[in-house]
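Coordinate inspection notes
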Amino acid sequence: MKTTNEHIENEFPTLDKLKTAKGMNTPEGFFDSLSSSIMEQTTEQPKQKKTSIYRVFAYAASIAIVVGISSTFFFGNDNESTTELFGEMTVNEYLEDFSEIDLELEDALQFDEIAMN
Amino acid sequence: MHLDDQDILTLFTTKGKEQIAFGHLVNKYQERLYWHIRKMVINHEDANDVTQNSFIKVWKGLPKFKKEANLFTWMYRIATNETLNFIKSNKKRVAQSIDDIQIENRKDDSFFSGEEIEAKLYKAIGTLPDKQKLVFNMKYFEELKYTEIADILGGSVGSLKASYHHAQKKIEAHLTNTD
């Protein structure tokens, strides 16, 4: 089987002769100055993956803000509707009222037992 | 002596050693990437700019680079993209650079010292479409394997072989043309 070089030698003789052609030059010491120029532009450290954690926090914070604002609207409305139902009643007053109802029920049951007996 | 790519990457992940690692990378690959770019844009100053831009992109992209990938292929791909973008936005300038390769009175061009036939070779390469030019340069001058070229440019090995063969044919015809 022919190798690439043999192939060029047979089919492309001029190209084969020019394989080692240099032709193009660079100024003297260019590669020393090139590496220095590149390194000068890298004084700032590239952002490591750690920064993505901050991004996650930023996303979480913004989500929390959005949820907070929207919940103010939703729950704010619910509170209003609760006060509409119970008027100026506080939570403690509401609980006390229901405990009185329970007592009344217990009393009624006791009366029923007496009547049965 | 150059460090192994994996050693450079390990050094890069060590806090405070990023620049030292990158310095090794620049020293190891700057000449190869420069010549890869120079053969496409022809003009030295343009090649210098594109090489620097490519390395800056490498520097910025290194923290995200996956160790299991091939560093050399990745860097070549960045340099190739930068070169193609440069050519795209500076078509006239690159065409002028190809025209400027002096076949006669070459002393005028301080960055081209080749013989007449060499100048003719570069002019012939300049007539190829960009992708074919890349394939030709990477195979003929840089002696990369077809699998490596496929990793960098994409495409199948078969299509790259065909592209290289067509390029050789065109250039040989150009070189042997006495007009």
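Residues numbered from 1 in each chain as written. Chains lettered and ligands numbered in written order. Predicted model: local features only at pLDDT ≥ 70, side-chain atom pairs only at ≥ 80, totals over all residues.

Considering the overall build of chain A
We apply this condition: Going along the chain from the N terminus, every DSSP run of H or I of four or more residues is numbered as a helix, and every run of E of two or more is numbered as a strand. A residue is called partly exposed when the number of other C-beta atoms within 10 Å of its own lies between 12 and 20, exposed at 12 or fewer, and buried at 20 or more, with C-beta atoms placed from the backbone.
Assigned secondary structure in chain A consists of five helices and zero strands. If you list the helices and strands of chain A from N to C, you get α-α-α-α-α. Looking at chain A as a whole, 6% of its 117 residues are labelled buried.

As for the overall build of chain B
The condition that has to hold: We call two residues in contact when the distance between their C-beta atoms, placed using the backbone, is within 7 Å.
In terms of regular secondary structure, chain B is built from nine helices and zero strands. The order of helices and strands in chain B, counted from the N terminus, is α-α-α-α-α-α-α-α-α. Burial status across chain B gives 35% buried among its 179 residues. Looking at chain B alone, contacts between residues at least 24 apart form 57% of all its contacts between residues at least 6 apart.

Some points on the packing of helix H3 (residues 30-40) of chain A against helix H3 (residues 44-61) of chain B
The criterion, for reference: Working convention: axes come from line fits to C-alpha atoms, limited for helices to the stretch in contact. Angles between N-to-C directions cover 0 to 180 degrees. Here the angle decides the label: under 35 degrees means roughly parallel, over 145 means roughly antiparallel, 65 to 115 means roughly perpendicular, and every other value means oblique. Two helices crossing with the near one rotated counterclockwise from the far one by less than a right angle form a left-handed crossing, whereas a clockwise rotation gives a right-handed crossing. Gly falls in the polar group here, along with every residue not listed as nonpolar (Ala, Val, Leu, Ile, Met, Phe, Trp, Tyr, Cys, Pro) or charged (Asp, Glu, Lys, Arg).
Contact geometry of H3(A) with H3(B) gives a least axis separation of 10 Å together with a crossing angle of 45°. Our classification of the angle between H3(A) and H3(B) gives oblique. Note on packing geometry: the crossing formed by H3(A) with H3(B) is right-handed. Two secondary-structure elements touch here, H3(A) through A:Leu34, A:Ser37 and A:Ile38 and H3(B) through B:Asn48, B:Thr51, B:Gln52 and B:Phe55. The class makeup of the residues in the contact of H3(A) with H3(B) is three nonpolar, four polar and no charged.

Digging into the nonpolar core
Residues and elements named next belong to chain B. Formally: To count as a nonpolar core, a set of buried Ala, Val, Leu, Ile, Met, Phe, Trp, Tyr and Cys residues must be joined through C-beta atoms within 7 Å. The split into domains, and so the bounds of each, comes from an automatic or database assignment of domains.
Of all hydrophobic cores here, the largest spans 48 residues; its most connected members are Ile37, Val41, Met75 and Val135. Residues lining this core come from more than one domain, with at least three contributed by each of domain 1 (1-100) and domain 2 (114-179). Apart from the residues lying within four places of it in its own chain, the contact partners of valine 135 are Ile149, Leu153, Leu160, Ser163, Tyr164 and Ala167.

Comments concerning the packing of helix H2 (residues 18-41) of chain B against H3(B)
Packed helices, taken two at a time, are described by the angle their axes make and the gap between the axes. Residue and element names in this part refer to chain B. One way to put it is that H2 packs onto H3 with a least axis distance of 9 Å and a crossing angle of 140°. By the angle between their axes, H2 is oblique relative to H3. Between H2 and H3 lies a crossing whose hand is right-handed. Residue-level inspection shows Phe22, Val26, Gln30, Leu33, Tyr34, Ile37, Arg38 and Val41 of H2 in contact with H3, the latter providing His44, Asp46, Ala47, Val50, Thr51, Ser54, Phe55 and Trp59. A per-class count over the contact of H2 with H3 returns 10 nonpolar, four polar and two charged.

Brief notes about unusual backbone geometry
Residue and element names in this part refer to chain B. Phi angles above zero are rare outside glycine, and isoleucine 42 is one such case at about 70°. Isoleucine 42 gets classed as buried once you count the C-beta atoms within 10 Å, which come to 25. Positive phi, close to 50°, is recorded for glutamate 143, a residue that is not glycine. Take glutamate 143: it is sitting in the loop between helix H7 (130-140) and helix H8 (146-153). The exposure class assigned to glutamate 143 is exposed, which follows from the 11 C-beta atoms found within 10 Å.

A short note on the confidence of the model for chain B
Residue and element names in this part refer to chain B. The following threshold applies: Along the chain, pLDDT gives the predictor's confidence residue by residue, from 0 to 100.
Summarising the model, chain B shows a mean pLDDT of 88, and 92% of its residues fall at 70 or more. Averaged pLDDT values for the elements of chain B fall to 82 in helix H5 (residues 91-99) and rise to 96 in H3. For this predicted complex, the interface confidence comes out at an ipTM of 0.83, alongside a pTM of 0.69.

Describing the environment of B:His36
Counting through the fold element by element, B:His36 comes out in helix H2. In contact with B:His36, not counting residues within four places along its chain, are B:Tyr76, B:Ala79 and B:Glu142.

Concerning the confidence of the model for chain A
Residue and element names in this part refer to chain A. Scored by pLDDT, chain A has a mean of 66; 42% of the residues are at 70 or more. Across chain A, H3 holds the top mean pLDDT of 94, while helix H5 (residues 91-116) sits lowest at 50. Scored below 50 in pLDDT, residues 79-87 makes one contact in the model with residues more than four places away or belonging to other chains.

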